[in-house]
Amino acid sequence: MSDARRVGTAIEDAAANHLLSLGWTLIARRQKTAHGELDLVAFDAQTLVFVEVRYRQDGSAIQSISAGKRAKLLLAVEEFCAKFEPAESTPIRVDVLLYDGQNWELLRGAIEAD
């Protein structure tokens, strides 16, 4: 495993622990789909949330999510939902969890379909 992958895995693990500390229920980590990987899948109360974790020490984490990445992420969410079929009444949201090396910032509903 490369150093970058090791760091990424450690950050995703820390992100999962952060969400758990907020009272969320984790249901999947590093969920692979044909369109890419979903970092974290969790419930925030009754809402099914797909969480993209981003780490940048220079504060550019949100800018690192390109339009192409957003599109692939939304396709991965659709694929997950088609496979696992959450109840039609289940609210779904895609969040971004940013980490700058010291602080977490949760951007709820940061990625939406156009």
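In this text, all values refer to a predicted model and were calculated from it rather than measured experimentally. (Residues numbered from 1 in each chain as written. Predicted model: local features only at pLDDT ≥ 70, side-chain atom pairs only at ≥ 80, totals over all residues. Heavy atoms only, no water.)

1. Examining the pattern of salt bridges
- A complete count under the given rule lists 11 salt bridges for this structure.
- Residues D3 and R6 are paired through a salt bridge, measuring 3.0 Å at the closest nitrogen-oxygen approach. Within this pair, D3 and its partner R6 are both found in helix α1 (residues 3–21), separated by three residues, close to a single helical turn.
- The class for R6 is partly exposed, based on a relative accessible area of 44%.
- The salt bridge partner of E52 is R54, with a shortest N-O separation of 3.0 Å. (Salt bridge = Lys/Arg side-chain N within 4 Å of Asp/Glu carboxyl O. Helix = DSSP H or I, 4+ residues; strand = E, 2+ residues; numbered from the N terminus. Buried < 20%, exposed > 50% of the residue type's maximum accessible area, 1.4 Å probe, protein only.)

2. Quick word on the packing of aromatic side chains
- The full count for this structure, using the stated rule, is four aromatic pairs.
- Pairwise contacts between aromatic rings join F50, F80 and F84 into one cluster. (Phe/Tyr/Trp six-rings, centres within 6.5 Å; stacked < 30°, edge-to-face > 60°.)

3. Thoughts on the sheet that holds strand β1 (residues 25–33)
- Pairing in this open sheet of five strands is mixed, and the strands run β1-β2-β3-β4-β5 from one edge to the other. Of all strands in the sheet, those bounded by a partner on one side alone are β1 and β5 (104–107). On average, each strand axis in the sheet is inclined to that of its neighbour by 30 degrees, with strand direction left out of account.
- Pairing between strand β4 (residues 92–99) and β5: four bridges, direction antiparallel. (Pairing = 2+ DSSP bridges. Axes fitted to C-alpha atoms, helices over the stretch in contact; angles between N-to-C directions.)

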